[in-house]
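Breakdown of the fold
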Amino acid sequence: MALLRRGFFVVLLTCALFSSSFGIAGVGIHWGNDFTLRMEDVKQEWLGFESLTIDTAGLGLGLLPAGMADISGKDLPIFLSRTDWQRSLLNGGLKVYVDVIPFIDAIELSTNFGLWQYKGSISYPTGLTMKNNVNYTDVRNPEDLFTVDYDTIPLTLEEYDMGFAGLRETPYMKLQFDLTVRKYIVQFPKTLKVLRLYGGGGFSLNFATPVLHRAIIEEALGTTLEKAFTLEGLDADLFSNDELMKEILKEILGSMMTPHFGLHIDLGVMLKIPVMPLGFYVDGKFLIPFDDMDPNVDLGGFGILLNSGICLSF
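The rules behind each value
- Every chain begins its residue count from 1, and numbering advances along the sequence as written.
- Only residues with pLDDT of at least 70 are given local features in this predicted model, and only at 80 or more are side-chain atom pairs given and counted; all residues enter the totals for whole chains, interfaces and linings.
- Remark: hydrogens and water are excluded; side-chain values derive from all non-hydrogen atoms of the structure.
- We call two strands paired when DSSP finds no fewer than two bridges between them.
- Only DSSP runs of H or I covering at least 4 residues are called helices, and only runs of E covering at least 2 are called strands; the numbering of each starts at the N terminus.
- Relative accessible area decides the class of each residue, using a 1.4 Å probe on protein chains only: under 20% of the type maximum gives buried, over 50% gives exposed, and in between gives partly exposed.
- Under this definition, polar contacts are N or O atom pairs within 3.5 Å; protein pairs additionally need one hydrogen-donor-capable and one acceptor-capable atom, and for neighbouring residues in sequence, both atoms have to be side-chain atoms.
- Here a residue-residue contact requires only that any non-hydrogen atoms of the pair lie within 4.5 Å.
- To define a nonpolar core, start from buried Ala, Val, Leu, Ile, Met, Phe, Trp, Tyr and Cys residues and group those joined through side-chain atoms within 4.5 Å.

**What to know about the pairing of strand 13 (residues 303-313)**
When strand 1 (residues 25-34) meets strand 13, the two strands line up antiparallel, connected through 9 bridges. Its bridge partner being in strand 13, Asp 34 is matched across the sheet by Leu 305. Direction of pairing for strand 12 (residues 278-289) relative to strand 13: antiparallel, over a ladder of 10 bridges. Bridge pairing links Phe 280 to Ile 310 in strand 13.

Here it is as structure tokens:
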């Protein structure tokens, strides 16, 4: 009887080793480091809101040249800044794979969701002072006539109590899907295949929020920018209006449906624990986008995505 029990145990152990080493499918969860996106600091990018006008009456500026009674947004000195681009610690996703595909060994679908942030702000005029000894015949734009005083308002989550997931500045989000065909390069030992080195490639699909830009502000504020403002009204009724500024951030967070396609090259390693259907993996992907990640701002997009995770094989 004791011999029979020992034999039964050996059979069970062999089956466990066989099932855990030769699983036909699996799922994984990973944490990622995405080094593909970068953005140079931009300070005082001119925002030419053509439908926005400033009424200069009552400012004590004296007699102005013809056509300068109202300053249009086309000439209005309003600026946008984007600085201090940084990755957040939140980047992760899932994978599902099948590893008994003939000729190609394995195919997998994986996802990554990541967050970035930067400091966005708008600088707008709060006061105009007429320059001395101006020759009106040489005037080409309002800045030839006036010295302009500015105020700056941050367009950040912290400013409007909208922070989430550790983000405090202006947010950027990216959701990535990768369909990868894999080929095993090394499997060691050959019978148990505990350690697997693999390579491959496939297609990538990204959905990302836009970076703060003139078009985002115009979309969020709509017809508000078509009004005529005094300088006091420009401050109190527009840029110091918290509800209006929140609409810009909401426009960014809600605009994540534009697809971006590309390719990726994959190189990874998987370590599977004998007996147990548990494993660990590291995937390194070089991403090659087909288009710009944002049509208005250079964000790069080429580079390495490194995922580290755990998986279960079945």
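**Observations regarding the pairing of strand 6 (residues 105-130)**
With 19 of 26 residues buried, strand 6 lies mostly within the body of the structure. With 14 bridges joining them, strand 5 (residues 79-101) and strand 6 adopt antiparallel strand pairing. In the strand pairing of strand 6, Ser 81 is matched with Ser 121. Where strand 5 hands over to strand 6, the hairpin turn is made up of 3 residues, of which Phe 103 adopts a positive phi near 70°.

**Remarks on the side chain of Ser 81**
Looking at where Ser 81 falls in the secondary structure, it is placed in strand 5. A distance of 3.2 Å separates a polar atom in the side chain of Ser 81 from the backbone nitrogen of Gln 44. Sequence-distant contacts of Ser 81, defined by excluding residues within four places in its chain, comprise Val 42, Lys 43, Gln 44, Lys 119, Gly 120 and Ser 121.

**So, the nonpolar core**
Counting 51 residues, the largest nonpolar core has Ile 78, Tyr 172, Phe 239 and Ile 248 as the members making the most contacts within it. Of all elements in the fold, only strand 5, strand 6, strand 7 (146-154), strand 8 (170-188), strand 9 (195-208), helix 2 (214-221), helix 3 (231-239) and helix 4 (242-253) reach the threshold of two or more residues within this core. When neighbours within four sequence positions are excluded, Ile 248 is seen to be in contact with Leu 155, Leu 212, Ile 216, Ile 217, Ala 220 and Leu 221. Grouped together as the second largest cluster of nonpolar side chains are 7 residues, Ala 106, Tyr 184, Met 270 and Tyr 281 included.

Just distances and angles here, no functional claims.
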